[in-house]
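# Summary of the model geometry
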Amino acid sequence: MKIKEGAVLAGIHLHMRPVLIAADLIWKKYGQELVVTAGLDGTHSAGSLHYYGLALDFRTRYFDDITCEKVFQELDEVLGKNFDVVKHSSHIHVEYDPK
């Protein structure tokens, strides 16, 4: 696992630890090293869970469209209903958002 320069993970909530573990395993399964591109850093929408240490972004630009969809689906399934997994054009966003 790599952390993009400038990405801040110090202070992320403990609920996000299993996300890092699951994502790392899934990225390895598909032949890539996980790169965390955002944690508590960056500019996000108002009320974003990034600001509370409850959201992470993971790089996906090295996956083709089919593989990216598989990674997204697998991560969503593994994490379950307490997490929102959102696929963007350049990354997958995961946040802890229990229903």
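Everything below is about the structure shown above.
Predicted model, so just to flag it, every value in this text is computed and none were measured.

### Observations concerning the pattern of salt bridges
- With the rule as written, the count across this model stands at 4 salt bridges.
- Here Lys-2 makes a salt bridge to Glu-33, at a shortest N to O gap of 3.8 Å. Of this pair, Lys-2 sits in strand S1 (residues 2–3) while Glu-33 sits in the loop between helix H1 (17–29) and strand S2 (35–38), and the two are 31 residues apart along the sequence.
- Put simply, Asp-24 and Lys-28 hold a salt bridge, and the shortest N to O gap is 3.3 Å. Separated by 4 residues within a single helix, Asp-24 and Lys-28 lie in helix H1, roughly one turn from each other.

### What to know about the sheet that holds S2
- With mixed pairing, 5 strands are arranged side by side in an open sheet as S1-S2-S3-S5-S4. Looking at strand neighbours, the two that pair on one side only are S1 and strand S4 (83–87), the edges of this open sheet.
- By the bridge criterion, 2 bridges tie S2 to strand S3 (residues 55–59) in an arrangement that is antiparallel. Following the sheet pairing, Val-36 is matched in S3 by Phe-58.
- Those strands touched by H1 are S2, S3, S4 and strand S5 (91–96), and its axis lies near 10 degrees from that of S3.

### Comments concerning the side chain of His-93
- Within the fold, His-93 resides in strand S5.
- Overall, the relative accessible area of 10% leaves His-93 in the buried class.
- A polar contact of 3.3 Å, which involves the side chain of His-93, links it to the side chain of His-50.

What counts, and where the lines are drawn
Residues numbered from 1 in each chain as written. Predicted model: local features only at pLDDT ≥ 70, side-chain atom pairs only at ≥ 80, totals over all residues. Heavy atoms only, no water. Salt bridge = Lys/Arg side-chain N within 4 Å of Asp/Glu carboxyl O. Helix = DSSP H or I, 4+ residues; strand = E, 2+ residues; numbered from the N terminus. Pairing = 2+ DSSP bridges. Contact = heavy atoms within 4.5 Å. Axes fitted to C-alpha atoms, helices over the stretch in contact; angles between N-to-C directions. Buried < 20%, exposed > 50% of the residue type's maximum accessible area, 1.4 Å probe, protein only. Polar contact = N/O pair within 3.5 Å; in protein donor to acceptor, adjacent residues only side chain to side chain.

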